[in-house]
Each structure stands twice: as C-alpha cells, then as structure tokens.
Amino acid sequence: MSRARITLDRDFTVGEVPRRLFGSFVEHMGRCVYTGIYEPGHPEADENGFRQDVLKLVKELGATVIRYPGGNFVSGYNWEDGIGPRENRPRRLDGAWHTVETNAFGLHEFVDWSRQAGTEIMEAINLGTKGVEEARAIVEYSNHPGGTYWSDLRVKNGHKDPFDIKLWCLGNEMDGPWQIGHKTADEYGRLAQEAAKAMRYVDPSIELVACGSSKSAMPTFGEWEQTVLTHTYDEVDYVSLHAYYFEEEGDVGSFLASAVDTDFFIESVIATADAVRAKGKHKKHINLSFDEWNVWYQRGRDTEDQLRNIVKGPWREHPRVIEDHYNVTDAVVVGTLLNSLLRHGDRVKIANQAQLVNVIAPILSEENGPAWKQTIFHPFARMAELAKGQILRLSVDSDKYSNDRFGDTDLVDVSATWNEETGRVALFFANRGLEEAADVETALRGFDARQVVRAEVLEIPDGGDRFSINSQDQPGRVALKPLEGVKATGSELRLTLPALSWAVVELEVAKA
Ligand code: AHR
C-alpha cells in the first residue's frame, strides 16, 4: 500500500472556481453534430431534430459552456452558409475533415440547442480563410438588437432577440501547419488584433480569446504566445491552450502522469503572458482558456485508421471519425487533467473538454440507436457538479513512482474546493498506482468535519482490467460506486483509494 498525506487550510485558497472550467466542445466533425446532438427522424428527436436522449446526458454531464463550430473545421467555414431557410443552404466540401457539410445545422440551431441544454455559447470565428469583415458581421448578426443589415437578417431568419454571445475565439490553432489558412505569429497576431478591434466596435461587452499553441510540443511554443500577445494584449482577454494525451507504446506510467505536462504548459503560458504584460507596461492580466483538452489516441487504436481512411476515402457526410472508446485508465487520466485545471483556476478561467458527443467524447450515440456514457463521463460530471466555491491550496506529500517521461511523479493526485454557502468541502482524488491501493490521510485545517455526504469511486470493474470500457451492450460496466471506509472526524479525513482509481469525497463541515 502506498501512502499520501495531504494538508489543506480553510484560509489558503487559490480563488473562486470558474464555472466555465467545465466546458465542452461541439465541432462539425465526424458524428458530433450529425447523429450526435442532431438527428431528425431519430425516435428521441424533438421537432428541431435535437436528440433528447443525448441532451439528457449533456445535462447530467453538467457542461457549462460549449465551444462551436470548430476546431479545424472553422478555419474553412462560412458562417453564413448555416443561416436562413435550410433548402437554400449550400452543400460544401470541408477540407479539414474531408467531409461533405450539408449545413443543415448552423448558428440558429446551435443557439436553440444551447438554450435547451442550458449552456453558454463560445463561438469561434474563421481567421483562416476569412478576416475582419466576416468577424464583425457575425457579431452584428448575433448581438445587435436590430435596424441594421445583419441584425435584421437574424430577425428575418427567426430570432427577434439577439443571441447575446459573450465569448468569442479568434480562430483556431493558427500556429498549426495543418490549419487551413495557417499563419505566422506576426501574421496571425496582426489579424487577430484588427478582428478583435472591429468586433468590439460592434459590441464592447464581448470577451475574446486569442489562439495560443496547439500543444506544448509545438516548435513555436512560447515564441508564438509572446508575439501574438504583443500584438493583441489590449484587445483580448484570454490566450488559448490545447492538449491531448494518450498511452504511447504501452508506456502507461508516463500516460498516467500526463497532468504533469498540463501543469507545465499552464505555468509556462502564465509566465509568458505575464512577461508580455511587464514589457508592455500593461495593467490587466491575460487569463487562460484551455479550450481543447482530453485523452485522444492519435496512434495505436482503430481510431487512427478512421482518421486515415476518411482523408484517403470518398467525400461523405458525417463519417465515423476518432470515436475513441475510453477505458478505466483514460478516466483516471481525465480526472488528473481536471485536477490540474482546477488547481490553476486563478488563471485558467475557461476549459473545454474536446469533444461532447462521439468524437473523442464522454457521450457516445448510435444513429437511430441509443446514447450512453463513456468512462470519462464520470469524473467530469462529478467535478462539474461539486467543485463550487473556493479552490483550496493543497500541500501534498505522496509516495512516488518513476516513469520515462516525467521522472518521479506523485502516486496520488488531488484537488479540493470549499463551498461556504452549502458548508461542503469536495475532494477529487486519483490513484495512479497500477498495483497498489493508496492510504490517504488529509488534514482539514480550519474545518470540523460533520459527516461524509458522498464518497464514490471509479475503479476496475469486477472481472475486468484497466482496459475495461462501457459499450452499447454494457453501458454501465464502468461507473461510480460507493467508496467504503471513508472516515472524517474533526479535522481529519482518512480513506483508501483502490489501485488505479478516481474518487470523490464530499464532506459537510463547520468552521473549526
Ligand atoms: O478536437 C479535434 C481537433 O483537434 C480540432 O478540430 C482541432 O482544433 C484539434 O487539432
């Protein structure tokens, strides 16, 4: 059995939990939109074609803000193709995913769907093939009350009231050579600055995200952020980060330690943004929008073939692409990535798990069939539900294990929040130990624990292994179950985490 000793203190907080940390992402990619959230004719679809079975799971997942419509897709997208009478909308080739886009689903449909889902919209604009004119037009179309060309067109298309979209991404992954309309940092920085300015002239209340690096391993990482923020500092509020992790060649130890890279990435971007702030003598801070993150098996699973096949194959509508089936190990890693985001909640104000349905997603759905939860659904849903109030600063003294990529890494990973209004402390644990359970002792300084409200664990199911997944036939094989033996008395919490597990403990507390 390994051991970990954690100390938290009611007075030592990181900041308020940004609720936008529990965001997700809907891209026109594969089956995320078509046969994912939208499938007219499905037995569970409403009159808009919105699948209510999927929507129910989206609500249970608790996503707060959803980025749309891409991703790589947005860099070749004309947003005007997705408005107006459906029969007039053009069919287009989407070069990013080698797909025929019917445009049956567009901006109005996404706004209506978001209202049903109760989620905020984070709209990405095309700065690959488009520019300043289109950027300001979509803001006028979406947010201006009426009496102008674009706002009146919105009214004509059925939405009298403005959409009032606050959050906008200035393009997507513009540092990536794969991106349609890829740019150098100077080219993108200038364009983003001018687009941002023009968008704010239309609606000064909007918040803007500049593209950062597509991953920390990009050769331009660091320099890109520095150049882009030097151009855009006064115009934007956030800089973006994207990161995907997967188990390479059976190196599970490094995979389980992926959050070490997330920590490094976040802290490096904060340092770079603050250096630009100092050099430019700016007052405000630029915050971080981690608007694509997840486990994504880019190599070594059949989804790799799906990706290769669509690009080589014929042009099709909504092909099956990167539909990763997540196992127990992936769920534990997702729990640690969420911990990293939460621990940095003073600067990471937005985060979007990519994506929502079917495409590297917590929810899977079949055309004309059911929808179900993947393993990674569970840590996300519980954290979105319970991580409220203040993020607590933690001191962690955990036994370690060694892995190739990150060296010595804590076996136990944790984050915690305190909600003064409800008198609840929530702790989110992961045990990276593949063989050993972990004995965890937490000192709850400043708190007097009254009772354990909830203690749940996700672990290897009976008769399964770390590769166990949920499927259409066994949708509940990997799920949360009660974590037994959790003891909270006074200012001490004791529990044992099973090998390779993710767990949540919610306590009712009084101030000590
Ligand atoms: O989420 C899948 C893809 O990953 C997105 O389209 C792109 O932005 C990223 O490279």
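Residues numbered from 1 in each chain as written. Predicted model: local features only at pLDDT ≥ 70, side-chain atom pairs only at ≥ 80, totals over all residues. Heavy atoms only, no water.

1. Some details on the site of the ligand
Inclusion rule: We call a residue near a molecule or strand as soon as one heavy atom of that residue lies within 4 Å of the molecule or strand. Throughout this description, a polar contact denotes any pair of N or O atoms lying within 3.5 Å of each other; where both atoms belong to protein, one of them has to be capable of donating a hydrogen while the other can accept it, and for residues adjacent in sequence the pair is counted only when both atoms sit in side chains. For accessible areas, the Shrake-Rupley method is used with a probe of radius 1.4 Å. Any residue's cover is judged against the shown protein chains and nothing else. Here a cavity means grid points, on a 1 Å grid over the protein atoms only, where a 1.4 Å probe fits yet cannot get out; a pocket means an open set of points with protein on both sides within 12 Å along at least five of seven lines; lining residues are those with an atom within 4 Å of a point. A molecule is said to be in a cavity or pocket once over half of its atoms fall within 2 Å of that pocket's grid points. Following the grouping adopted for this structure description, the nonpolar residues are Ala, Val, Leu, Ile, Met, Phe, Trp, Tyr, Cys and Pro, the charged ones are Asp, Glu, Lys and Arg, and the polar ones are all others, Gly among them.
Close to the ligand lie 13 residues; Glu27, Asn72, Glu173, Tyr244 and Glu292 are nearest. One of the backbone nitrogen or oxygen atoms of asparagine 72 is found 2.9 Å away from an oxygen atom of the ligand. Taken by itself the ligand offers 280 Å² of open surface, and the protein chains cover 95% of this. Mapping the ligand onto the cavity grids shows that it belongs to the largest pocket. For the shell around the ligand, the class distribution of residues is six nonpolar, four polar and three charged.

2. So, helix H1 (residues 52-61)
As a reminder, the rule being used: Classification of residues uses two cut-offs on accessible area relative to the type maximum, computed with a 1.4 Å probe and protein chains only: under 20% is buried, over 50% is exposed, and between them is partly exposed. To qualify as a helix, a DSSP run of H or I must reach at least 4 residues; to qualify as a strand, a run of E must reach at least 2; elements of each kind are numbered from the N terminus. Only heavy atoms matter for contacts: two residues are in contact if any of them lie within 4.5 Å across the pair.
Taken together, the buried positions of H1 are occupied by Asp53, Val54, Leu55, Leu57, Val58 and Leu61. Residues of H1 that are buried sit in contact with helix H2 (107-117), strand E13 (363-365), strand E14 (371-373) and helix H11 (377-386). Positive backbone phi, at 80°, marks glycine 62, one or two positions downstream of H1.

3. Overview of the packing of H1 against H11
For the record, the criterion: Lines are fitted to the C-alpha atoms to define the axes, a helix being fitted only along its stretch in contact, and any angle between axes, read from their N-to-C directions, falls within 0 to 180 degrees. Throughout, the term roughly parallel applies to angles under 35 degrees, roughly antiparallel to angles over 145, roughly perpendicular to angles from 65 to 115, and oblique to all others.
Put simply, H1 and H11 touch, their axes get as near as 8 Å, and they point 60° apart. One element, H1, and the other, H11, form an angle in the oblique class. Residues Leu57, Glu60 and Leu61 of H1 pack against Phe377, Phe380, Ala381 and Ala384 of H11. Residues of the contact of H1 with H11, tallied by class, amount to six nonpolar, no polar and one charged.

4. Some thoughts on the sheet that holds strand E6 (residues 120-125)
Keep this limit in mind: Strand pairing is assigned whenever DSSP detects at least two bridges linking the two strands.
The eight strands lie next to each other as E2-E3-E6-E7-E8-E9-E10-E12, forming a closed barrel whose pairing is parallel. Between one strand and the next, the sheet's axes are offset by a mean angle of 30°, whatever the strand orientation. Here strand E9 (residues 238-245) runs beside strand E10 (residues 287-295); their pairing, made up of seven bridges, is parallel. Within E10, the position partnered with alanine 243 by the bridge is tryptophan 293. Strands E6 and strand E7 (167-170) of the sheet are contacted by helix H3 (residues 132-143), whose axis makes an angle of about 165° with E7.

5. Thoughts on the nonpolar core
Inclusion rule: Each nonpolar core is a collection of buried residues, namely Ala, Val, Leu, Ile, Met, Phe, Trp, Tyr and Cys, held together in the definition by side-chain atoms within 4.5 Å. Segmentation of the chain into domains, including their bounds, is taken from an automatic or database domain assignment.
Among the nonpolar cores identified, the biggest contains 129 residues, and Phe105, Trp113, Leu170, Tyr188 and Phe290 are the most heavily contacted of them. Counting residues per element, this core draws most heavily on helix H10 (residues 328-343), at nine residues. Split by domain, this core shows at least three residues from each of two domains, domain 1 (2-10 + 390-511) and domain 2 (18-386). With residues up to four places along the chain from it excluded, the contact list for tryptophan 113 reads Ile37, Phe50, Leu55, Val58, Ile66, Phe105, Thr119 and Leu356. With 28 residues, the next largest nonpolar core counts Leu8, Leu427, Ala455 and Val457 among its residues.

6. Things to note about the layout of surface pockets
Inclusion rule: Grid points are joined across faces, edges and corners, and a volume is the space filled by probe spheres set on the points.
Space inside the largest pocket adds up to approximately 830 Å³. In terms of lining, the largest pocket is formed by 34 residues, of which the most central are Lys215, Tyr244, Tyr245, Phe246 and Gln298. Put simply, the parts of the chain that give the lining of the largest pocket at least two residues each are E9, helix H7 (252-256) and helix H8 (258-279). If one sorts the elements of the lining of the largest pocket by residue count, E9 sits on top with four residues. Partitioning the lining of the largest pocket into residue classes produces 14 nonpolar, 10 polar and 10 charged. Space inside the second largest pocket adds up to approximately 340 Å³. Asp263, Arg343, Val396, Asp413 and Val414 are, among the 18 residues lining the second largest pocket, the residues nearest its centre. Only H8, strand E15 (390-398), strand E17 (407-410) and strand E18 (412-419) provide two or more residues apiece to the lining of the second largest pocket. Counted by class, the lining of the second largest pocket contains eight nonpolar, two polar and eight charged residues. Mapping the lining of the second largest pocket onto the domain boundaries places at least three of its residues in each of domain 1 (2-10 + 390-511) and domain 2 (18-386).

7. Digging into the packing of aromatic side chains
Note the following rule: In this scheme Phe, Tyr and Trp rings, the latter by its six-membered ring, pair at centre separations within 6.5 Å, and the angle between planes marks the pair as stacked below 30 degrees, edge-to-face above 60, and tilted otherwise.
One pass over the full model with this rule turns up 20 aromatic pairs. Where phenylalanine 110 meets tryptophan 113, the ring centres are 6.0 Å apart and the plane angle is 15°; that geometry is what we call stacked. Residue phenylalanine 110 and its partner tryptophan 113 are located together in helix H2, separated by three residues, close to a single helical turn. On the accessibility criterion, phenylalanine 110 (0% relative accessible area) is buried. Seen from their ring centres, tryptophan 418 and phenylalanine 447 are 5.2 Å apart, and the 70° between their planes marks the pair as edge-to-face.

8. Some details on the domain arrangement of the protein
As a reminder, the rule being used: Summed over both partners, the accessible area (1.4 Å probe) lost when two parts come together is defined as the buried area. Between Lys or Arg on one side and Asp or Glu on the other, a salt bridge is scored when a side-chain nitrogen of the former is within 4 Å of a carboxyl oxygen of the latter.
Split into domains, the protein comes out as domain 1 (2-10 + 390-511) and domain 2 (18-386). With centres defined by C-alpha atoms, the gap from domain 1 to domain 2 works out at 30 Å. Taken together, the 40 residues of domain 1 in the interface contact 37 residues of domain 2. The contact between domain 1 and domain 2 buries some 3,200 Å² in all, and 65% of this surface belongs to carbon and sulfur atoms. If you sort the residues of domain 1 by the area they bury against domain 2, Phe406, Arg466 and Trp502 come out on top, with a joint share of 18%. On inspection of domain 1 and its partner domain 2, the count reaches five salt bridges. Residue arginine 382 is joined to glutamate 456 by a salt bridge in which the shortest nitrogen-to-oxygen separation is 2.6 Å.

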